[in-house]
There are 2 protein chains.
Amino acid sequence: MLEPDFEKGNGLIPAIVQDHKTGDVLMLAYMNREAWLKTLETEKATYWSRSRNSLWVKGETSGHYQVVKEITIDCDADTILLKVQQTGAACHTGYRSCFYRKITAGSFEIVGERLFNPEDVYK
Amino acid sequence: MLEPDFEKGNGLIPAIVQDHKTGDVLMLAYMNREAWLKTLETEKATYWSRSRNSLWVKGETSGHYQVVKEITIDCDADTILLKVQQTGAACHTGYRSCFYRKITAGSFEIVGERLFNPEDVYK
């Protein structure tokens, strides 16, 4: 098994999450070894929450699970790319992708699609 | 200007790099504030090399520049997504994308396309 290099990032690797059909980048999250193994085992994306300091099965609160369709690993094995089937929206703000703001000269504009109201989902 | 949150990652933010036409994820690199401002100014992707500890204009050695077509920033402003026009290949190993290895049960397989021989490029 090709094991990601967890040492470089003090036990964490970044995981880029991409919609397996549209190719849209949905979010970036972090995994420790436990989250990595759980993702492989369950085929549901599982991360390490840096803010909550705990294992985080994506969708366990919102129902917006990510079924992992493909995993690739980068040249120096310190980043992984998950292609997923996203239920609902990836972003806790209700947008389909966390990257819903485009940087333009001096400011930003909203380019994403909002699929839910967070107040309805996170109670 | 919406400024990325450089504090969270000790002065660095991850930048996901995606081909602006195909949607393929090409690589992940890191930026400090200087690299970020230089990228905005020059429209050529510029990173902070963690291994060399120096500013890194992508392509300055290989000629494989990345012209930035779009920048989006994520919900908590600690990750950016660059859509780029990639000259040649993104990966120093010669593959078009750094994510050229697919994880399969117990092993990996090469799924990427190799576009150059590193020995010819990095002398």
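See the structure printed just above.
Reading the values: rules and limits
- Residues numbered from 1 in each chain as written.
- Chains lettered and ligands numbered in written order.
- Predicted model: local features only at pLDDT ≥ 70, side-chain atom pairs only at ≥ 80, totals over all residues.
- Heavy atoms only, no water.
- Pairing = 2+ DSSP bridges.
- Helix = DSSP H or I, 4+ residues; strand = E, 2+ residues; numbered from the N terminus.
- Axes fitted to C-alpha atoms, helices over the stretch in contact; angles between N-to-C directions.
- Core = buried A, V, L, I, M, F, W, Y, C linked by side-chain atoms within 4.5 Å.
- Buried < 20%, exposed > 50% of the residue type's maximum accessible area, 1.4 Å probe, protein only.
- Contact = heavy atoms within 4.5 Å.
- Buried area = accessible area lost by both parts, 1.4 Å probe.
- Salt bridge = Lys/Arg side-chain N within 4 Å of Asp/Glu carboxyl O.

Enquirer: Can you break down the sheet that holds strand β1 (residues 13-19) of chain A residue by residue, with the values?
Expert: Across the sheet, 6 strands lie side by side as β2(A)-β1(A)-β6(A)-β5(A)-β7(B)-β8(B); this open sheet has mixed pairing. The open sheet terminates on both sides in strands that have one partner only, identified here as β2 (25-31) of chain A together with β8 (107-110) of chain B. Neighbouring strand axes in the sheet, compared pairwise and without regard to direction, differ in orientation by 35° on average. Sheet analysis places strand β7 (residues 101-104) of chain B next to β8 of chain B, joined by 4 bridges and oriented antiparallel. In the sheet register, Thr104 of chain B faces β8 of chain B, and the bridge partner there is Ser107 of chain B.

Enquirer: Explain the nonpolar core to me, and be specific about the residues and the numbers.
Expert: Nonpolar side chains in soluble globular proteins generally cluster together in the buried interior. Within the largest apolar cluster, 68 residues are counted, with the highest numbers of intra-cluster contacts made by Leu82 of chain A together with Leu82 of chain B. Setting aside chain neighbours within four positions, we find Leu82 of chain A in contact with Ile16, Val17, Gln18, Met31, Ala45, Tyr47, Val68, Glu70 and Ile71 of chain A.

Enquirer: Any details on the sheet that holds strand β1 (residues 13-19) of chain B? Residues and values, ideally.
Expert: Spatially, 6 strands are ordered β8(A)-β7(A)-β5(B)-β6(B)-β1(B)-β2(B) in an open sheet, and the strand pairing comes out mixed. Each edge of the open sheet is held by one strand with a lone partner, namely β8 (107-110) of chain A together with β2 (25-31) of chain B. This sheet shows a mean twist of 35° between the axes of neighbouring strands, independent of strand direction. As judged from the 6 bridges shared by β1 of chain B and β2 of chain B, these two strands associate in the antiparallel manner.

Enquirer: I'd like a description of the interface of chain B and chain A, backed by residues and values.
Expert: The interface is formed by 38 residues belonging to chain B together with 39 residues belonging to chain A. Interface area for chain B against chain A, summed over the two sides, is near 3000 Å², with a carbon-plus-sulfur share of 67%. Contact with chain A buries area across many residues of chain B, yet Phe99, Arg101 and Ile103 of chain B alone supply 23% of it, more than any other trio. Summed over the shared surface of chain B and chain A, the number is 2 salt bridges. As a salt-bridge pair, Arg50 of chain A and Asp78 of chain B come within 3.3 Å of each other at their nearest N and O atoms.

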